[in-house]
Amino acid sequence: MQLSLVIPLLNEEESLKELHDWIVRVMIDHSYSYEILFIDDGSTDNSWKIIESLREINPNVKALRFSKNFGKSQALNAGFKKVKGDVIITMDADLQDAPDEIPALYNKITSGNFDLVSGWKKKRYDSKFKKNLPSKLFNWAARKTSGIQLNDFNCGLKAYDKKVIKTIDVQGEMHRYIPVLAKNAGFTNIGEQVVKHQARKYGYTKFGMERFINGFLDLLTIWFVSKFGKRPMHLFGLLGTLMFIIGFFSAFYIGTSKLFNVFYFNTPSPLVTDSPWFYISLGTMILGTQLFLAGFIGELFLRSKKNNPNYQISKEI
């Protein structure tokens, strides 16, 4: 099979039929063998019924239905485990991603030997202050942190070589950083393709301003995981050891200074516990010990944890 289309959705009943028909036209025009996998992320409207009706007229339609809203990352992760195509393309179900872009993305993977090609919505029809400006700041931070020179990390329209999506594990809210996950897994040939962004035709956006706040927090998480996720002791153990050593020698200096003044100069000296530096040194040693233990516990956890899916599929077509 040449192409698998993975389409996560939440309450998009108005656009599903139109999106399906548009995709089918593109597939027929280019003679692709394909499958369309819809992942219903806990919709409360008629989205699932529409998907079932589409399946009746098109055997290439497949679908998963979550028992509740688990999030886009979980939807993509479940979809990646099911698809069988040589090239996988993800897109949103709200018609803001144009299926006409599929052939160019497909050719860039197959002919350009790219592992991953991310869409770049260079001209956007979103609110300038609510989405465009925060998105530019978010993408700038992501470029600086990850070292991947993409202009639009959060674009839902992406193409992947099959081996990429069968290797990476998308959890939490990490769908924004799939290129970073791919890079960390050794897939460094990452490209970008300018794609057309269309104004939303039906419904309303499911993401608010909080996604940018969460996005920056996730960026810090993925930076930490990529650097120290396999060896937390390298960070916590190092910081803990340094803090303990600094605190220990500071306390040692305070104690020896008192003894030196008393026995060598024979001068009265205040109690060690009267000095604020004693408590700073003691606190530093305690924090150092706690950081070291955090690294040690993290190492034990990594060696004992099992990766269980954090979503529940209630129906499958």
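The structure this text deals with has already been given above.
Our subject in this report is the structure included herewith. (Residues numbered from 1 in each chain as written. Predicted model: local features only at pLDDT ≥ 70, side-chain atom pairs only at ≥ 80, totals over all residues. Heavy atoms only, no water.)

A word on the packing of helix 1 (residues 16-29) against helix 2 (residues 47-57)
Taken N-terminus to C-terminus, the directions of helix 1 and helix 2 make an angle of 30°; their axes are 10 Å apart at the nearest point. The orientation of helix 1 relative to helix 2 falls into the category roughly parallel. In this structure, helix 1 meets helix 2 at a crossing whose hand is right-handed. Taking contact as the criterion, the partners of L16, K17 and H20 in helix 1 are, on helix 2, S47, I50, I51, L54 and I57. Of the residues that constitute the contact of helix 1 with helix 2, the class distribution is five nonpolar, two polar and one charged. (Axes fitted to C-alpha atoms, helices over the stretch in contact; angles between N-to-C directions. Helix = DSSP H or I, 4+ residues; strand = E, 2+ residues; numbered from the N terminus. Parallel < 35°, antiparallel > 145°, perpendicular 65-115°, else oblique. Left-handed = near helix turned anticlockwise from the far one by under 90°. Contact = heavy atoms within 4.5 Å. Nonpolar A, V, L, I, M, F, W, Y, C, P; charged D, E, K, R; others polar.)

Let's talk about the environment of Q2
Mapped onto the secondary structure, Q2 falls in the segment before strand 1 (3-9). Judged by relative accessible area, which is 26%, Q2 ranks as partly exposed. Measuring from C-alpha to C-alpha, the distance between Q2 and T110 comes to 9.9 Å, with 108 residues separating the pair along the chain. Apart from residues no more than four positions distant in its own chain, Q2 is found in contact with S31, Y32, S33, G85, D86, V87 and Y106. A distance of 2.9 Å separates the side chain of Q2 from the backbone nitrogen of S33, its partner in a polar contact. A distance of 3.4 Å separates the side chain of Q2 from the side chain of Y106, its partner in a polar contact. (Buried < 20%, exposed > 50% of the residue type's maximum accessible area, 1.4 Å probe, protein only. Polar contact = N/O pair within 3.5 Å; in protein donor to acceptor, adjacent residues only side chain to side chain.)

Examining helix 1
Between its first and last C-alpha, helix 1 extends 20 Å over 14 residues, near the 20 Å set by a 1.5 Å rise per residue. Those residues of helix 1 that fall on the buried side of the exposure criterion are L16, L19, H20, W22, I23, V24, V26 and M27. As for helix 1, its buried residues are in contact with strand 1, strand 2 (34-40), helix 2, strand 3 (61-66) and helix 4 (102-112). (Expected span 1.5 Å × (residues − 1).)

Concerning unusual backbone geometry
Not every positive phi belongs to a glycine, and N11 is a case in point at roughly 55°. Positionally, N11 belongs in the loop between strand 1 and helix 1. For L95, which is not glycine, the phi torsion reads 70° and is therefore positive. Structurally, L95 can be placed in the loop between strand 4 (87-90) and helix 4.

Brief notes about helix 2
Three or more residues of helix 2 are buried, namely S47, W48, I50, I51 and L54. The buried residues of helix 2 occupy one face: seen down the axis, they fall within an arc of 160°. Turned more than 90 degrees away from the buried face of helix 2, the exposed residues are K49 and E56. In this fold, the buried residues of helix 2 make contact with strand 1, helix 1, strand 2, strand 3 and strand 8 (313-316). (Arc of directions from axis to C-beta.)

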